[in-house]
Amino acid sequence: MSFERTQEKLKILADAAKYDVSCSSSGSSRTNKNKGLGDSSGMGICHSYTEDGRCVSLLKILLTNHCIFDCAYCVTRKSNDIKRAAFKVQEVVDLTINFYRRNYIEGLFLSSGIFKNADYTMERLVSVAKKLRLEENFNGYIHLKSIPGASDELMREAGLYADRLSVNIEIPTEAGLKKLAPDKNRADFIKPMLKVKNEIVQYKAEKKIIKSTPKYAPAGQSTQMIIGASGENDFQIMQTSNYFYKSYNLKRVYYSGYVPISYDERLPQIGSAVPMMRENRLYQTDWLMRFYGFDVSEILNLQHQNLDLDIDPKLSWALRNLHEFPVDVNTADKRMLARIPGLGMKSVYKILNARRFKRLNWEHLKKIGIALNRAQYFMVCDSNQFERRDLSAEKIKGLILQNSTSKYTKTLSNQLSLFG
Amino acid sequence: MSDKKLIYDGTFDGFLSSVFYVFENKIKAATIENEFVAQSGLFSKEINIITEEEKANRVWAGLKSKLSARGSYQLYYAFLSEQNGVENVLLDYIRYAFSNALNVDKDFSHPSVLKIAQIAKMVGREKHRMEAFVRFRLTKDAIYFASVEPDFNVLPLISKHFKGRYADQKWIIYDIKRNYGLSYDLKKVEIINLDFPAKFDFTKTDDNFFAEQEFEFQKLWQDYFKSTNIKSRKNMRLHIRHVPKRYWKYLSEKQPD
């Protein structure tokens, strides 16, 4: 490995891969049983954090930033005048192994621009993973990006060596994709996703009968979409997301606030702010769908097509549905407890456990560690004091915003003063 | 009446032997101190405790039968915090545990139980951070060497993690503050003490000791760390919350160019 050449390639190909937000390295089941290198059976570990505060847990690189496509939102697009580079398969293997041995990373996240055609590219990605597993005896985490349009046979092989597979659907709506990525076709994303989904189901079923059946993508598949590049609203975004969770059993959908990188007229211009708050609200909504028992239509629908930026989506839902409250924490079921603004699932479990011993009052709830700042308006407990009185939704919202010290307060100061 | 002051050798077994002594002699007012920090008091009587594995094991087995698995590991975690006076909080907890028919490890209304749970949580956090922030550097002797300086004595807690993960390479994780380390020889992990040259700087990768390719991989890692940052999303407050400054001097990505 020539140090200077590798160094230059790494700079280029890490820089180009940084817009992929997936950093998960958990959820797999690959124990080091063979005195080899690595173990990805536990939870993932963030070994460092970038200066923008994102977790660094995998070596996240492109195999190449040569690309035959010309997607407007992508730095690697064909028409962009940038330095191009491509790793050799062995170089990626050496980097991964040597970084892993020094405890810098949990494994590899390998994506790629598309040279020549989908299969040619996918084949190389697969051979990196294969080499790591078979020649280096590597049990660390491997996340491979599926190349849209790759053949079923290659997708099947990919899943045998990778822990996770993903294909980015890029833009939440088909119309948006047509506008920004005229070369790409949604059906090409779906095909490998469907193949992987079916293989996972099949391998799992076989494993129940034949124990020696190899693992297939044990950490499942994920996808990512860019937010704020193509004018879609939050309702459309979460509809898409919900569809992918339901139809393809995805483990995660990632939302990536668009970072302006081009002067293309179809896109927000360089210098416009990255929609980080919006991104955050979408993740909160995603969580409500996956862990809190909400149906997406309760939060976003034709009447409410966009999430509030100044309050979180659960509070927003609660304020629109005051008739469901107050909830009695001493008797309510888990589903309703989880719907109280300010209560996370951990608090819900604590309440369910604690209330078996005694009826809970405000003092108990505070000790358990519940953020009463928001929750107090939506619950009753073993106490005569009931905080909501007959407050209107606007009044409650005002009170909560007044008493919260959100890290975003500064950027939202205009909105805040409305309720002051 | 004066307190009895028990001096032990700083080991967990030594501490448990002290607890044994307290119960065996039915001592009502006792304090337990590590011999390295103990200062002789004017009015207390000092007793030197001899560490006896058998007695220690008996106390430990007793505790395990009284507490949940989580409760007993919290005791051990809290002990490893080396916080001033933690032995006495532990003793209080242990007395409470043995005097109660029920399992007390979730009785957070008891001050010692609450305190131990809080300390154990801090130690657990640092254990996790060490699993993340250990940076191995390849020596000329083909050993992957890491120097650390944790606030708490977490080496015993991370041994299993690193043994499972790096089964095919020789490695040493050395705690500079406490002057001992873990060493894995491809078969087992042992506790070692090393003498370092007088001018040995743990934060520098001196080419007298480290392999040539070590510099290259550190440089590659630093480059990677820089390239993967998105400038328009910079948020140093968040960055420092995740990677506290006290760890920076041993992180290769945080070394000056």
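Treat the numbers as computed from the prediction; the structure is a model and nothing was measured.

Engineer: Can you walk me through the overall build of chain A in this structure?
Structural biologist: Each helix and strand in chain A was counted, giving 16 helices and 10 strands. A compact globule built from 420 residues should have a C-alpha radius of gyration of about 22 Å, and chain A, at 24 Å, falls within 12% of that. C-alpha extents for chain A along the principal axes are approximately 70 × 55 × 35 Å. Expressed as a percentage of its 420 residues, the buried residues of chain A come to 57%. Taking contacts inside chain A between residues at least 6 apart in sequence as the whole, the part at least 24 apart equals 66%.

Engineer: Before we go on, may I ask you to explain the pairing of strand β2 (residues 30-34) of chain B in this structure?
Structural biologist: In regular strands, side chains alternate between the two faces of the sheet. Counting buried residues along β2(B), four of its five residues qualify, which places the element largely inside the surrounding structure. A crossover connection joins strand β1 (residues 4-8) of chain B to the parallel β2(B) through helix α1 (residues 12-24) of chain B; in handedness this β-α-β unit is right-handed.

Engineer: Where do I start with the packing of helix α2 (residues 53-66) of chain B against helix α3 (residues 69-80) of chain B in this structure?
Structural biologist: Between two packed helices, the angle of one axis relative to the other and the distance separating the axes together describe the packing. Residues and elements named next belong to chain B. Packing of α2 against α3 leaves a shortest axis separation of 8 Å and a crossing angle of 135 degrees. Accordingly, the angle class assigned to the pair α2 and α3 is oblique. Listed contacts from α3 to Trp 60, Leu 63 and Lys 64 of α2 are Ser 72, Leu 75 and Tyr 76. Residues of the contact of α2 with α3, tallied by class, amount to four nonpolar, one polar and one charged.

Engineer: Teacher, can you tell me more about the interface of chain A and chain B here?
Structural biologist: A common way to state how big an interface is: give the accessible area lost once the parts meet. Contact with chain A, which involves 49 residues of that partner, is made by 47 residues of chain B. Of all residues in chain A, Glu51(A), Arg102(A) and Tyr104(A) give up the largest surface area on contact with chain B, accounting jointly for 18% of the area buried on that side. If you look at where chain A meets chain B, you find five salt bridges. In this structure, the salt-bridge partner of Lys234(B) is Glu51(A), at a minimum N-O distance of 3.7 Å. Inspection of the region where chain A meets chain B yields 28 residue pairs in polar contact (both at pLDDT 80 or more). When contributions to the side of chain A that touches chain B are tallied by element, the ones reaching two or more residues are α1 (3-15), β1 (48-49), β3 (58-62), α2 (89-101) and α8 (276-291) of chain A. Element by element, the count of residues in the side of chain A that touches chain B is highest for α1(A), at seven residues. For the side of chain A that touches chain B, a count of residues per class yields 22 nonpolar, 13 polar and 14 charged.

What counts as what
Residues numbered from 1 in each chain as written. Chains lettered and ligands numbered in written order. Predicted model: local features only at pLDDT ≥ 70, side-chain atom pairs only at ≥ 80, totals over all residues. Heavy atoms only, no water. Helix = DSSP H or I, 4+ residues; strand = E, 2+ residues; numbered from the N terminus. Rg over C-alpha atoms; globule rule 2.2 N^0.38 Å. Buried < 20%, exposed > 50% of the residue type's maximum accessible area, 1.4 Å probe, protein only. Contact = heavy atoms within 4.5 Å. Right-handed = clockwise from strand over helix to strand, strands pointing away. Axes fitted to C-alpha atoms, helices over the stretch in contact; angles between N-to-C directions. Parallel < 35°, antiparallel > 145°, perpendicular 65-115°, else oblique. Nonpolar A, V, L, I, M, F, W, Y, C, P; charged D, E, K, R; others polar. Buried area = accessible area lost by both parts, 1.4 Å probe. Salt bridge = Lys/Arg side-chain N within 4 Å of Asp/Glu carboxyl O. Polar contact = N/O pair within 3.5 Å; in protein donor to acceptor, adjacent residues only side chain to side chain.

Function-wise, these values are silent; they only describe arrangement.
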